[in-house]
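Structural characterization, general
What follows is the residue order along each chain.
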Amino acid sequence: MMMDRIVESYNDFDFENFFRSLDSKKILDVIDRSGEKVLEDMDLLTLLSPQAQEFLEEMAIKANVITKQYFGKEIHIYAPLYISNICDNECTYCGFKHSNPIKRRHLTYDEIEKESKYISETLGVHSIILLTGESYINSLEYLKNAITILKKYFNTVIIEVQPLSVEEYFELKTVGLDGVTVYQECYDKELYKTYHLSGKKSDYKYRLDTPERASIADLRSVNIGALFGLGNPVKEAFLSGLHLRYLTNKFLNTQFSISIPRIKEAYRNIKPQNIISDKQFVQFLLAYRLCFPTSGINISTRESKEFRDNLLPLGVTKFSAGSVTEVGGYSLSNGSSPQFETDDHRSVVEIVDMLKIKGYQPIFKDWESSI
Amino acid sequence: MDKLIIGGVEFNNRLITGSGKFSSYNLIREMLNESKSEMITIALRRVDLTGKSENVLDYIPKGVKLLPNTSGARTAEEAIKIARIARASGCGDFIKIEIINDMKYLMPDNHETVRATEILAKEGFIVMPYINPDLITAKKLEAAGAAAIMPLGAPIGSNKGLLTKPMIEILVENCNLPIIVDAGIGKPSHACEAMEMGCSAVLVDTAIATSENPVKMAIAFNKATQAGREAYLAKCAKINNHAVASSSLTGFLRD
Ligand code: SF4
């Protein structure tokens, strides 16, 4: 079954009725089986249920054990690099949307080089996520050249740009692309339409199949997730979990990871609806760790530093550090608007110190660029 | 003396340790000093050869043999490249081939492993392949020039012990190379059991690195490994399914 069919199969599912059927015994039984047995779809939903919130401590203890078992006490450090905020799409929640009269910027190759040099040499980060808005201006050639430059400075290069075809991912792989991040943003197809008003992103299915295309192109890593604040949080968490399971079962060769981004205020005070609480955020993270012991979980600087630090023992494997979400925001003269506000403003050095104090080893390099 | 010999190199100690999953590099140094382990595996994908960030190699005492591994490799070609980089950067000739194509259970790809071993052994590497225990694969590796065979006891990181015991026993009985149990060993008693079975060494990473006290745990593993080895050399008394009388019951019969 393709992913869109899986989403469809839950269209008429009576979530409330399922939640009513749960009791403590059923929830504890799932927690107990986690890590040992492969958990089923309904097990994931059980862990995401409102009732399971009472068992967060039990879930956390198990998640801590599973994480140490598979990932030890290591945290991977990466930084985002925005090279263009030009966007042809109209996503109602985003500061980069086409209709926003913000200052637009599209870095030249020289500027990309300068930013890369700064991040790798001054910040010491070796793993980078290259981000752009979604626009025709990010031609395959532009992306290819950008990745070629980045590969001189970073061991791992991941892109978060407009969805591409299998052939295009293959092409970028030839110049060293390691992975793709693509958020479905909203798994509820009807709601999706109301948030994505125009531009290519309004094609729900093409976006939904993007992680699959990247996996077919045999990229090493693929990161997915829902943007929390758009749809019903539990359903969105459930469907993104099912997406992770679908991909993990289908492409054994790809390392999948999941993120739990929450909407942040961007340009012009966009007020999110359905925003998830810290408690729910933690519940989702724990549910993912219990269901998917070997998948990565990323936490970005959207979250506050205190919150991020407390998440460390619960299943996190990747941490962004020293993040700047403005185009050219690291080393070039500025003035462009951020895509969203970050909350953890610590430098890479400060994050590394914090990790060490808390008994974690920061990992800067996890792959050899020349391979 | 009872020495372990791999690729012509002698070892007095049969506990091989790992450097992944630790909370700091200092802890790795202390663990090595205290456990007396003489060989440690390092993931080359984590080693920053440009010297831009902290380097695990600086924390490994002289005299401890480096066993760079090819973790991260998904094909024979990738493993071969990593091995060559390891050698070129001064990590020596030992290489642990680890090719994983299954990111869900982290199972090794035996076929790709044989292919990589064939090429690297010809290039003079001392090749230690990590495999799913299978006699046919082990025999192919032997023919390809491997220096040891490293079967998994249970899936990586699972700490479940010797789930594959009957398969490993077949390897011990039928292979001419040292059999080193890698992956799955979660407790010192598992290491002891592997050694009692006649395995030549054990590789332990997760169980040490993620214990409450990795240094103390490494010491425990060292003792367990030694105990198991001594038991093996002393030839454990057989478990008999049939009753055995302490003196002959039929000796009165003459021919
Ligand atoms: S979310 Fe992405 S595609 Fe949508 S407006 Fe923002 S930058 Fe453009």
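Located above this text is the structure these notes cover.
All of the points below concern the structure found in this document. (Residues numbered from 1 in each chain as written. Chains lettered and ligands numbered in written order. Predicted model: local features only at pLDDT ≥ 70, side-chain atom pairs only at ≥ 80, totals over all residues. Heavy atoms only, no water.)

We now examine the pairing of strand E5 (residues 221-225) of chain A. Here is the key point about a regular strand: its side chains alternate between the two faces of the sheet. All names here are of chain A. Counting buried residues along E5, five of its five residues qualify, which places the element largely inside the surrounding structure. Side chains of E5 alternate between two faces, with Ser221, Asn223 and Gly225 and Val222 and Ile224 buried alike. For strand E4 (residues 179-181) and E5, the ladder comprises three bridges, and the chain directions are parallel. Counted as the bridge partner of Gly179 is Ser221 from E5. Bridge count for E5 against strand E6 (residues 255-259) is five bridges, and the pairing is parallel. (Buried < 20%, exposed > 50% of the residue type's maximum accessible area, 1.4 Å probe, protein only. Helix = DSSP H or I, 4+ residues; strand = E, 2+ residues; numbered from the N terminus. Pairing = 2+ DSSP bridges.)

Below, the discussion takes up the pattern of salt bridges. Residues and elements named next belong to chain A. The full count for this structure, using the stated rule, is 32 salt bridges over all chains. Between Arg33 and Asp29 there is a salt bridge whose closest N-O contact spans 3.2 Å. One end of the pair, Arg33, and the other, Asp29, are both in helix H3 (residues 24-33), four residues apart, so they sit about a helical turn from each other. In this structure Arg33 comes out as partly exposed when scored by relative accessible area, which is 27%. For Glu111, the salt bridge identified is with Arg105, shortest N-O distance 3.3 Å. The exposure class assigned to Glu111 is partly exposed, which follows from its relative accessible area of 21%. Here the residues in one salt-bridge network are Glu134, Glu185, Lys201 and Arg207, joined through shared partners. (Salt bridge = Lys/Arg side-chain N within 4 Å of Asp/Glu carboxyl O.)

This part covers the site of the ligand. Taken together, 10 residues sit near the ligand, with Cys87, Asn89, Cys91, Cys94 and Lys201 of chain A positioned nearest. Residue classes in the shell around the ligand are distributed as four nonpolar, three polar and three charged. (Near = heavy atom within 4 Å. Nonpolar A, V, L, I, M, F, W, Y, C, P; charged D, E, K, R; others polar.)

Here we take up the packing of helix H4 (residues 41-48) of chain A against helix H12 (residues 233-250) of chain A. Residues and elements named next belong to chain A. Two numbers describe how H4 lies on H12: the axes approach to 10 Å, and their chain directions differ by 145 degrees. When you trace H4 past H12, the crossing you get is right-handed. Contacts between H4 and H12 involve Asp41, Met42, Leu44, Leu45 and Leu48 from the former and Val234, Ala237, Phe238, Gly241, Leu242 and Arg245 from the latter. Residue classes in the contact of H4 with H12 are distributed as eight nonpolar, one polar and two charged. (Axes fitted to C-alpha atoms, helices over the stretch in contact; angles between N-to-C directions. Left-handed = near helix turned anticlockwise from the far one by under 90°. Contact = heavy atoms within 4.5 Å.)

Quick look at the packing of aromatic side chains now. For the structure shown, the criterion picks out 16 aromatic pairs over all chains. Measuring from centroid to centroid gives 5.4 Å for Tyr10 of chain A and Phe13 of chain A, while their planes differ by 70 degrees, and the two rings are edge-to-face. For Tyr10 of chain A, a relative accessible area of 14% translates into the label buried. Members of the aromatic cluster, each reached through a chain of ring pairs, are Tyr10, Phe13, Phe15, Phe18, Phe19 and Phe238 of chain A. Over the ring of Tyr360 of chain A we find Lys73 of chain A; its NZ or CZ atom is 4.8 Å from the centre of that ring. Over the face of the ring belonging to Tyr130 of chain B we find Lys96 of chain B, whose NZ or CZ atom lies 5.2 Å from the ring centre. (Phe/Tyr/Trp six-rings, centres within 6.5 Å; stacked < 30°, edge-to-face > 60°. Lys NZ or Arg CZ within 6 Å of the ring centre and 35° of its normal.)

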